[in-house]
Amino acid sequence: MSVAAPDIQRHTWLEDAQAIIAGTLMIALGVNFYTQVGLLTGGTAGLAFLFSYISQFTFGQVFFVINLPFYWLSIRRIGWDFTLKTFLAVFLVSAFSDITPMFLHLADINPFYATIVGSFLIGVGFVMLFRHNASLGGLNILARYLFQTRGVPIGKFMMTVDCLVVVLSIFIVDLSLIAMSIFGAVLLNFMLVMNHKPGRYAVSP
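These numbers were taken from a predicted model, which means no experiment stands behind them.

Visitor: Describe the pattern of salt bridges, listing the residues and the values that go with them.
Guide: Evaluated as defined, the whole model comprises two salt bridges. Here Lys85 makes a salt bridge to Asp16, at a shortest N to O gap of 3.0 Å. With Lys85 in helix H5 (residues 80-103) and Asp16 in helix H1 (residues 13-37), the pair connects residues that are 69 residues apart, well separated along the chain. According to the relative accessible area criterion, Asp16 is buried, its value standing at 10%. A salt bridge links Asp81 to Lys85; the nearest nitrogen and oxygen atoms lie 3.4 Å apart.

Right under this line is the structure:
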């Protein structure tokens, strides 16, 4: 006797809102762990870190502006629901990243601790956003566009961008921090691989 599949229910706007707020708060806290000790990450966030380290602009300011050109692609290729949630997530991460130091001082944080905890916080935040059909946009949208229109593999494109960030960081960040940043990237992606498995997640975003 066959068993009927459970009905798939969409998230309510309240469920989306709490997940986006909680997820972006976690990511912003992880970003502050990173910036306090000078760590990096890949993609658009990595470029925002680099630019904030060599300019008077904060990570939040750079991250918000650098994402703006990608929303047009997102609307055309993915849709309004994803784009609006992603815009909100980017805005909140940018805002929370800049206001967190007003409430939390991390002057004495250990770089190794910042790498581990910051990576886990960012990873958990990402999972919450992904499960509610949102992201932090940026080069991930461009990678998806190039794959759909030019056949450029997403993994190769993102690897190229991440390598570019590492090369540029050599002139700005200490080599020991680059090594810890790579370790942090491994931890972050481990979190995503272990916890973001759409096949196991029954509720449709």
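Visitor: Describe in detail helix H9 (residues 175-195), supporting the description with residues and values.
Guide: The end-to-end C-alpha distance of H9 is 30 Å, a good match for the 30 Å that 21 residues give at a rise of 1.5 Å each. Looking at H9, one finds that the buried residues are Leu177, Ile178, Met180, Ser181, Gly184, Leu187, Leu188, Met191 and Leu192.

Visitor: Report on the nonpolar core, specifying residues and quantitative values.
Guide: If you look at the biggest cluster of nonpolar residues, it comprises 39 residues, and the most contacted ones within it are Ile27, Phe59, Phe63, Phe126, Leu129 and Leu136. For this core, the secondary structure elements donating two or more residues are H1, helix H2 (43-54), helix H3 (59-67), H5, helix H6 (111-130) and H9. Among the elements that take part in this core, H1 stands out by supplying seven residues, more than any other. Apart from the residues within four sequence positions on either side, Leu129 is in contact with Ile20, Thr24, Ile27, Ala89, Ala134, Ser135 and Leu136. Residues Leu139, Ile141, Phe157 and Met158 belong to the second largest nonpolar core, which totals ten residues.

Conventions adopted
Residues numbered from 1 in each chain as written. Predicted model: local features only at pLDDT ≥ 70, side-chain atom pairs only at ≥ 80, totals over all residues. Heavy atoms only, no water. Salt bridge = Lys/Arg side-chain N within 4 Å of Asp/Glu carboxyl O. Helix = DSSP H or I, 4+ residues; strand = E, 2+ residues; numbered from the N terminus. Buried < 20%, exposed > 50% of the residue type's maximum accessible area, 1.4 Å probe, protein only. Expected span 1.5 Å × (residues − 1). Core = buried A, V, L, I, M, F, W, Y, C linked by side-chain atoms within 4.5 Å. Contact = heavy atoms within 4.5 Å.

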